[in-house]
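Coordinate inspection notes
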Amino acid sequence: MTQRADIEPGGSEPGAGGPGGAAIDAGAELDPVHPVRPPAPRFKPAGLTTAEVAERVARGAVNDVPVRSSRSTADIVRANVFTRFNAIIGVLWVVMLIVAPFQDSLFGYVIIANTGIGIIQEMRAKKTLDGLAVIGEAKPSVRRDGRTAEISTSEIVLDDVIELGPGDKVVVDGSVGEAEGLEIDESLLTGEADPVLKKPGDPVMSGSFVVAGGGAFTATKVGREAYAAQLAEEATRFTLVHSELRSGISTILKYVTWMMIPTSIGLIISQLVVKDNNLKDAIARTVGGIVPMIPEGLVLLTSVAFAIGVIRLGRQQCLVQELPAIEGLARVDVVCLDKTGTLTEGGMDVTELRPLGGAEPAYVKRVLGALGESDPRPNASLQAIIDAYPDSAEWRCTESLPFSSARKYSGASFSEGDGENNTWLLGAPDVLLPAGDPALDEINGLNEQGLRVLLLARAARELDDPAVGDGVKPTALIVLEQRLRPDAADTLRYFEDQKVHAKVISGDNAVSVGAVAGKLGLPGAENTVDARRLPAERAEMAKVLDENAVFGRVTPQQKRDMVGALQSNGHTVAMTGDGVNDVLALKDADIGVSMGSGSEATRAVAQIVLLNNSFATLPSVVAEGRRVIGNITRVATLFLTKTVYSVLLAILVVCFQVEYPFLPRHLTLLSTLTIGIPAFFLALAPNKERAKPHFVKRVMRYAIPGGVIAAAATFVTYMIARHHYTGPEALQAETSAATLTLFLTSMWVLVIIARPYTWWRVALVGAMGGAFLIVLVVPWLQDFFQLKLVGTELPWTAVAIAVAASALIEFTFRWVNHRFPA
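Residues numbered from 1 in each chain as written. Predicted model: local features only at pLDDT ≥ 70, side-chain atom pairs only at ≥ 80, totals over all residues. Heavy atoms only, no water.

**Quick look at the overall build of the protein chain**
Along its length, the protein chain carries 27 helices and 22 strands. By the burial criterion, 58% of the 822 residues in the protein chain qualify as buried. Looking at the protein chain alone, contacts between residues at least 24 apart form 72% of all its contacts between residues at least 6 apart. Surface exposure of the protein chain reaches about 33500 Å², of which carbon and sulfur atoms provide 58%. (Helix = DSSP H or I, 4+ residues; strand = E, 2+ residues; numbered from the N terminus. Buried < 20%, exposed > 50% of the residue type's maximum accessible area, 1.4 Å probe, protein only. Contact = heavy atoms within 4.5 Å. Areas by Shrake-Rupley, 256 points an atom, 1.4 Å probe, with all protein chains shown as cover.)

**Here we look at the side chain of Thr 617**
Among the structural elements, Thr 617 can be located in the loop between β22 (608-610) and α21 (618-656). Its relative accessible area of 5% is what places Thr 617 among the buried residues. Not counting the four nearest positions on each side in its chain, Thr 617 is found in contact with Gln 316, Cys 318, Leu 610 and Asn 612.

**A short note on the sheet that holds strand β19 (residues 550-552)**
What holds strands together in a sheet is hydrogen bonding between their backbones, with the strands either parallel or antiparallel. Taken together, 8 strands build an open sheet; the order of strands is β9-β22-β21-β20-β10-β17-β19-β18 and the sheet is mixed. Lying at the two open borders of the sheet, with one neighbouring strand each, are β9 (318-320) and β18 (528-530). Here the average twist between neighbouring strands, direction ignored, is 20°. Note: strand β17 (residues 501-505) against β19, 2 bridges, orientation parallel. (Pairing = 2+ DSSP bridges. Axes fitted to C-alpha atoms, helices over the stretch in contact; angles between N-to-C directions.)

**Section: the packing of aromatic side chains**
Counting across every chain of the model gives 12 aromatic pairs. Taken together, a centroid distance of 5.0 Å and an interplanar angle of 45° make the contact between Tyr 702 and Phe 813 tilted. Linking Tyr 702 in helix α23 (residues 695-724) with Phe 813 in helix α27 (residues 793-819), this pair joins segments that are 111 residues apart in sequence. Accessibility assignment for this pair places Tyr 702 and Phe 813 in one class, buried. For the ring pair Phe 743 and Phe 772, a centre distance of 3.9 Å and an interplane angle of 10° mean the geometry is stacked. In this pair, Phe 743 is assigned in helix α24 (residues 730-753) and Phe 772 in helix α25 (residues 759-777), connecting sequence segments 29 residues apart. (Phe/Tyr/Trp six-rings, centres within 6.5 Å; stacked < 30°, edge-to-face > 60°.)

**Concerning helix α17 (residues 538-547)**
For α17, the complete set of buried residues consists of Met 541, Ala 542, Val 544 and Leu 545. Looking straight down α17, one finds that the buried residues subtend no more than 165° of arc, so they occupy a single side. At its buried positions, α17 is contacted by β17, β19 and α18 (556-568). Looking at where α17 begins, the residue whose side-chain oxygen comes 3.2 Å from the main-chain nitrogen of Ala 539 is Glu 537. (Arc of directions from axis to C-beta. Polar contact = N/O pair within 3.5 Å; in protein donor to acceptor, adjacent residues only side chain to side chain.)

**Quick word on the packing of α21 against α23**
In contact at an axis separation of 7 Å, α21 and α23 are set at 40° when each is read in the N-to-C sense. One element, α21, and the other, α23, form an angle in the oblique class. Remark: the crossing between α21 and α23 carries right-handed chirality. (Parallel < 35°, antiparallel > 145°, perpendicular 65-115°, else oblique. Left-handed = near helix turned anticlockwise from the far one by under 90°.)

**Description of a nonpolar patch on the surface**
Taken together, the side chains of Trp 258, Ile 261, Ile 265, Ile 268, Ile 269, Leu 272, Val 273 and Leu 279 present a nonpolar region at the surface, about 800 Å² in accessible area. Take the nonpolar patch: its biggest share by element is 7 residues, from helix α7 (residues 244-274). (Patch = residues over 30% accessible without salt bridge, like charges linked within 9 Å, V, L, I, M, F, W, Y side chains within 5 Å. Salt bridge = Lys/Arg side-chain N within 4 Å of Asp/Glu carboxyl O.)

**Considering the pattern of salt bridges**
A full pass over the atoms with the stated rule returns 26 salt bridges. The shortest N-O distance in the salt bridge between Arg 144 and Asp 160 comes to 2.6 Å. Placement of Arg 144 in strand β2 (residues 141-144) and of Asp 160 in the loop between β3 (147-150) and β4 (161-164) is noted, with a sequence separation of 16 residues between them. Relative accessible area serves as the criterion here: at 0%, Asp 160 is assigned to the buried category. For the salt bridge of Arg 354 with Glu 352, the shortest nitrogen-to-oxygen distance reads 2.7 Å.

**Re the environment of Pro 41**
Within the secondary structure, Pro 41 sits in the loop between β1 (3-4) and α1 (50-58). With 177 residues separating them in the primary sequence, Pro 41 and Thr 218 have C-alpha atoms 7.3 Å apart.

**Let's talk about the packing of α24 against α27**
Relative to each other, α24 and α27 sit at 30°, their axes nearing to 8 Å. Here α24 lies roughly parallel to α27, going by the angle between them. Crossing angle aside, the handedness with which α24 passes α27 is right-handed. Only Leu 794, Pro 795, Ala 798, Val 799, Ile 801, Ala 802, Ala 805, Ser 806, Ile 809, Glu 810 and Phe 813 of α27 make contact with α24, whose side of the interface consists of Ala 737, Leu 740, Thr 741, Leu 744, Thr 745, Trp 748, Val 749 and Ile 752. Here the contact of α24 with α27 is composed, by residue class, of 15 nonpolar, 3 polar and 1 charged. (Nonpolar A, V, L, I, M, F, W, Y, C, P; charged D, E, K, R; others polar.)

**Observations regarding the pairing of strand β5 (residues 173-185)**
In terms of burial, β5 is a largely internal element, 11 of the 13 residues being buried. Sheet topology places β5 next to strand β8 (residues 209-221); 10 bridges connect them, and they run antiparallel. Opposite Asp 185, over in β8, you have Phe 209 as the bridge partner. Sheet topology places β5 next to strand β7 (residues 203-204); 2 bridges connect them, and they run antiparallel. Residue pairing in the sheet places Ser 175 in a bridge with Pro 203 of β7. Sheet analysis places β5 next to strand β6 (residues 196-197), joined by 2 bridges and oriented antiparallel.

Quick look at the structure:
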């Protein structure tokens, strides 16, 4: 076995100086940019004992920061119950319970039912999210009683010894006790992209992550005292991404509120002062005019649609860490794919070993075995080499250099037992070899077949020399075959069909990446770009990115720059990845998608985590987002058409100084049949329509003309009826005629919104029409809703006006769609 030189932790005895000094002051503050280093704690390589852990748990020195995978139960109830419109409706409901019959307060019970549905659905979504978050939660390796075990983050206690490897996230603040080339990226805390080399005694901060090397540290601050927890207990992972849908609805509701205030005041004055009505009847008709102005169900249905989307995706092992991410991915027009772990499976196989320069194959295999043994956390390439060439040499590793995405190679120095000391490097041939080297032609031929090639080279310099990669002696080529994901080709084809441009961005050789993409049928895979030749200027880089699809030899910082360049060109960008080299790009992308088997750092910054590691789940996420956006746009038109005609009817009533034609029970019936029930089904229906921008514009361009025409037709019918009917029952007859016109006109808006027709959509519209017909013909329902058509002339006049209005709505919607396409 290869023996590695162990790093002795200094000052292991109590009171020793240096790294083993007094325990860190729990109140000491760490500035992430210019940290003032407090005395480091005593490092115990074996970790705490069971008794020490129990003592710390008893005094509460536990990492008890709650993992927020979703809103709390109290937040969900508060968000659904305590809304501006629920407050308005609640007051009006109480008034109606006092002054009017039960039928006129039905709208209040509808709101309670709707709010209850919203809470239940969000609670179901929370349960799904929390369950998936537990499945996807990374468990740090902690040493206790001389053994290493994986435990939950919440079980870490003060002074625990936590091991670190590439991709691990630092979950609590601490002080380094062991370090083997340990490089930590603190960019998520400080904004500084360059990784920091850590040595024993150096502080580490929660929220940072390991990019290379390994080691162990002692926890010095846990729970809410940890730096990341102080920065934002609820931020980073759970800050909502931008949602055009939610911000659009908020904008609409803001304008609706401003319209409601003067209209309601005018209506109140009109019904209570100007008209000498019965007080209770005047109040009832005033409330009847105010309630339908409120599109209360729109917010509810948006929440329900998002919640059900989370539940549906959860069944496919897709953790949506931020709800609007479903919407965001549906709007994406460029998806950046990391080859390894996304298009290819994590594992690889060594297919060939080609010694160079007369090297002896047996000796090369011993070197490869020793290199594999020298790295405690091998990546996929090195693991394939370990599997093919297990360590059989009794060599001692004197120094090691972990693999880094920025360097593109790893290395180790060995004392080979016969007085021979050598330093070996293993990595990218086109990085280690100078341009024009004869071996590169052979390597290019292999890369064109989609094979991955690593170079084993003997270094002429010491491993700690920054120029150790210069002047190396090539010794062997290791040919690796990557396993293509069986579902990758279909997924790429789906994105192509949906006009979403796929860009493969990889740290591997560009030719090799292009060959893999070509096997999967990616358009433009034959034109590969070596990222080392990409222009640094953002506009020029964006142009190259738009014109090409495959990029190799991309550094982690370049991935981030490429995402920014695409965004600067007006693209909505999704980034997929699983390694620490993807973290910065994932964080900057509009939507970050991480594989469940990826590093903890990538899962922490991504909005969507594919727990089953299946790239093929992405189309489901896109489809779910399109369903939500498309359907909410549809039903928003229904809700806002009602708001427009309600406001306009109130204005007409005030201007003409007449009684408001409807009681609350009439509009509750109309809203339920033409909006409430249909909207619920339409909001949850399948919808593959491509997501389009400008939500507010697209909704209002239909809602305004539709509402205006419906209000005008209804008011014309009402005014004709006022001249036709006389006597004590005249107002009820007038109301019935106006209700018939408004129902038929609103139903035609529903008919338009329900397109394209399927059997269940036709059945839904038919059922709503049938329900209204039943109300008109069943005597006790006539009495309950005070709806009774009197005579034949006026009812047929109402129908004729409704038919004319519906034809005008049809024409107007088509003209708007042609004249003002969104």
